[in-house]
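# Summary of structural features
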Amino acid sequence: MGLTIAQKIIKEHLIDDGAGLPNLTVDGIPEVGEDVAIRIDQTLTQDATGTMAYLEFETMGIPRVRTELSVAYIDHNMLQSGFENADDHRFIQSMAAKYGLYFSRPGNGICHQVHLERFAVPGKTLIGSDSHTPTAGGIGMLAMGAGGLDVAVAMGGGAYHITMPKMYKVNLTGALRPFVTAKDVSLEILRILSVKGGVGNIIEWGGPGVKTLSVPERATITNMGAELGATTSIFPADEITKAFMEAQGRGDAFTPLASDDDAVYDRVIDIDLSTLEPMIACPHSPDNVVKVSEVAGTKVDQVCIGSCTNSSLFDMLKVAAMLKGKTIDPSVSLSISPGSKQVLRMLSDTGALSDIIASGARVLECACGPCIGMGFSPNSGGVSLRTFNRNFEGRSGTKDANVYLVSPETAVASALTGYITNPLDAASGDPMWVSSVSEVSVPDKFTIDDSAIVPPLADEDAAKVEILRGPNIKEFPVGKPIEDEISAELTLKVGDNITTDHIMPAGSKILPYRSNIPHLSQYCFEVCDATFSERAKAAGESIVVGGINYGQGSSREHAALVPLYLGVRAVIAKSFARIHVANLINAGIIPLTFKNPDDYDKLAQGDKLVIEDVCAGMESGTVKLLDKSSGVDIELTCDFTERQKDILKCGGLLPYVASSTK
């Protein structure tokens with residue numbers, strides 16, 4: 001039996017992390033469900049999660065990063081209305097100099113776009129403290145989002161642990177028509193699978209249709225795989241990949257990579273690219289997908305083009321071609337965020353930037369910006385079309401806004417008319433428009449300028465570096481060992497698909513305090529219940545209950561660290577998202593699932609709960625919950641690996657690492 005692309009990379013990177021190798025199939029790959037320790041070649045962080053990751057790395061006492069390459073990016077907290085963001089950036093830069101990382105300066109671009117351009121390598125492994133790290137799967141890399149503490153461990157040479165996923169394949173045939181895009185492919189797979197349909201799976205994209213997609217288009221698709229809850233998504237590395245890397249001056253790093261002809265998949269999904277139409281995700285979830293034609297005519301107030309999903313030069317040149325000689329509707333505010341300095345410079349050199357500016361668009365800096373609520377919030381009750389990857393309620397910074405996810409082509413067509421517009425309809429009466437957009441392609445040679453990437457210092461120079469800490473950097477909480485009985489109040493009960501934005505919101509008001517857990521704590525679960533923080537503090541210790549797919553969305557470990565600070569000892573849910581359950585365990589919070597999902601309805605906020613025989617239950621896989629307020633007994637599942645049990649017994653990953661290195 002042959003192997004998939006992901007199986008080949010995992011097999012090549014398997015390591016013994018002290019507990020021996022997992023159970024392997026006859027082909028030498030781990031069995032599905034096994035705990036797998038993987039050697040990590042590259043890491044990345046961004047500034048919203050990086051400060052905490054580097055504080056954690058520093059605590060480990062390792063003098064130098066031990067990966068092949070690690071990069072610290074500044075791209076999230078770019079609004080400097082106070083000292084906090086600037087201080088964090090100085091701290092991260094000094095940590096990079098001290099410990100041997102590359103440092104991508106503010107303005108150089110969004111981490112995933114820059115990493116794809118300058119660092120991603122087929123066949124290598126990458127984890128990043130950002131959930132959209134799978135973007136690099138577009139170049140054939142096994143790239144996964146992770147919590148900051150997992151990234152810190154990997155920087156120190158430690159393994160990254162995953163549960164061996166199932167393998168899905170999306171078989172592409174045909175070719176996209178003009179004005180139907182890779183973003184529409186992403187939205188179509190979200191329509192098919194939903195935001196929880198990828199959990200526990202790696203999604204490989206293959207079939208003859210792959211040959212029609214450029215690397216930037218592939219990266220858009222793997223980027224949006226994060227919204228499926230997938231472990232990662234990956235494309236083969238072929239002649240198209242090689243041409244892209246050669247155009248970036250990195251052709252020597254190319255390695256061909258493909259699945260075996262007889263590889264076996266747990267599920268195969270067929271998509272005919274030629275039959276797809278422009279798609280749109282309606283408020284407030286990326287999987288609330290319909291055809292653009294079904295909501296055409298809806299009034300639009302704002303349009304945002306950019307983010308790590310759709311900010312490549314390929315995307316921006318098509319946007320410029322559509323805007324050339326036209327003016328956006330007076331009722332619409334349009335922002336354009338190029339993904340990197342390279343993209344912005346080449347837009348300027350080709351004259352495309354002038355066409356964008358002349359249309360009335362507002363050009364923002366090369367950063368995440370509006371995607372994480374860092375500026376450019378919609379008007380109250382406004383309709384905002386965004387080429388981003390998430391449209392969670394309140395994420396834009398305007399709680400009552402209606403945010404839709406679309407392709408750049410749909411975004412431009414709608415900005416010009418002032419209403420949601422199918423770009424196929426808009427193009428039908430303008431043959432010149434069709435011609436100019438169809439002629440856009442990935443260039444044979446990109447403009448290479450890495451002057452905003454600061455390389456690592458030599459050891460002797462690094463030893464002299466002083467770490468620069470601002471007053472906003474506070475100590476992070478550390479969990480305590482799991483006790484045999486947890487007795488606490490149910491301080492919050494929430495529903496299905498609770499995101500990390502619900503637990504620990506983003507936005508310009510909150511993001512500057514990502515290195516200050518005590519300050520952040522006042523915003524915890526603010527979207528769900530503004531009283532939660534104060535009630536949790538008053539309770540001392542507490543338990544949170546959730547529904548299906550609890551913790552979906554961002555990789556931010558703050559969604560575990562802040563509840564830990566507030567005294568949350570356990571989270572009970574119908575099911576968890578992959579990265580968040582790992583972050584809870586790393587923080588020392590025990591994640592438990594209902595053995596019978598209907599038991600969720602038996603618990604009420606404010607009930608006094610007791611979880612009994614926790615240590616014995618972790619061994620047997622089941623613990624008993626007693627609701628002292630109602631007298632109800634409920635069975636909970638605690639299905640942990642041996643390593644996860646040891647982490648919880650120590651009180652989290654940091655004390656576990658400390659104990660294992662003694």
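Above this text sits the structure in question.
Chains are numbered independently. Their residues run from 1 in the order of the written sequence. This being a predicted model, a pLDDT of at least 70 is required before a residue's local features are given, and a value of 80 or more before pairs of side-chain atoms are given or counted; all residues contribute to the totals for chains, interfaces and linings. Values shown for side chains rest on all heavy atoms present in the structure; no hydrogens or waters enter the calculation.

### Notes on the packing of helix H2 (residues 47-60) against helix H5 (residues 148-155)
The packing of two helices is summarised by the inter-axis angle and the distance between the axes. What counts here: Axis definition: a line fitted to C-alpha atoms, over the contacting stretch in the case of helices. Angles run 0 to 180 degrees between N-to-C directions. Segments assigned H or I by DSSP are reported as helices when at least four residues long, segments assigned E as strands when at least two residues long, and all are numbered from the N terminus. When an angle is under 35 degrees it counts as roughly parallel; over 145 it counts as roughly antiparallel; between 65 and 115 it counts as roughly perpendicular; any other value is oblique. Each crossing is labelled by how the near helix is turned from the far one, with a counterclockwise turn of less than a right angle marking it left-handed and a clockwise turn marking it right-handed. For this analysis, residues touch if any pair of their heavy atoms sits within 4.5 Å.
Two elements in contact, H2 and H5, have axes separated by 8 Å at closest approach and are oriented at 45°. With respect to their mutual orientation, H2 and H5 come out oblique. Considering only the axes of H2 and H5, their crossing is right-handed. Residues Ala53, Tyr54, Glu56, Phe57 and Met60 of H2 pack against Gly148, Leu149, Ala152, Val153 and Met155 of H5.

### Some points on the pattern of salt bridges
The condition is simple: Think of a salt bridge as a Lys or Arg side-chain nitrogen and an Asp or Glu carboxyl oxygen that are within 4 Å of each other.
Taken as a whole and judged by the stated rule, the model has 32 salt bridges. The salt bridge involving glutamate 58 is made with arginine 469; its shortest N-O contact spans 2.3 Å. Here the residue glutamate 58 occupies a position in helix H2, and arginine 469 occupies one in the loop between helix H16 (459-462) and strand S20 (486-493), the gap between them amounting to 411 residues. One network of salt bridges, in which partners are shared, links Lys211, Arg218, Asp238 and Glu239.

### Things to note about helix H13 (residues 408-417)
A turn of α-helix holds 3.6 residues, and therefore any two residues three or four places apart point the same way. Basically, it comes down to this: Working definition: with a 1.4 Å probe on protein chains only, accessible area under 20% of the residue-type maximum means buried, over 50% means exposed, and in between means partly exposed.
Burial analysis of H13 places nine of its 10 residues in the buried class, the great majority of the element. Every buried residue of H13 is listed here: Pro408, Glu409, Thr410, Ala411, Val412, Ala413, Ser414, Ala415 and Leu416.

### Focus: unusual backbone geometry
Histidine 284 follows proline 283 through a cis peptide bond whose omega is 0°. With respect to the helices and strands, histidine 284 occurs in the loop between strand S12 (279-281) and strand S13 (289-291). The phi angle at phenylalanine 179 is positive, at roughly 75°, despite the residue not being glycine. Locating phenylalanine 179 in the fold gives a position in the loop between strand S8 (166-173) and helix H6 (182-193). Residues other than glycine seldom take positive phi values, yet aspartate 613 does so here, at roughly 50°.

### Describing the pairing of strand S22 (residues 568-573)
Rules: Only when DSSP finds a minimum of two bridges between them are two strands counted as paired. Handedness is read with the strands pointing away from the viewer; a crossover is right-handed when the path from the first strand over the helix to the second is clockwise.
With six of its six residues buried, S22 lies for the most part within the structure. Note that strand S21 (residues 542-545) and S22 share four bridges and pair parallel. Note that in S22 the partner of valine 545 across the bridge is isoleucine 572. One crossover worth recording links S21 to the parallel S22 by way of helix H20 (residues 558-565), and it is right-handed. As paired strands, S22 and strand S23 (residues 590-594) are joined by four bridges and run parallel to one another. Among the inter-strand pairings, alanine 570 is bridged to a residue of S23, identified as isoleucine 590.

### Re the sheet that holds S23
Whenever strands of a sheet pair, they do so through backbone hydrogen bonds, lying parallel or antiparallel. Within the closed barrel, the seven strands sit side by side as S20-S21-S22-S23-S26-S25-S24. Their pairing is mixed. Strand-to-strand twist in this sheet, taken as the mean axis angle between neighbours without regard to direction, amounts to 35°. One ladder, built from six bridges, connects strand S25 (residues 622-627) with strand S26 (residues 632-637); its direction is antiparallel. Bridged to leucine 626 within S26 is aspartate 633. Running at roughly 170° to S20, helix H19 (residues 532-539) makes contact with S20, S21 and S22 of the sheet.

As far as function goes, none of this settles anything; it's purely spatial.
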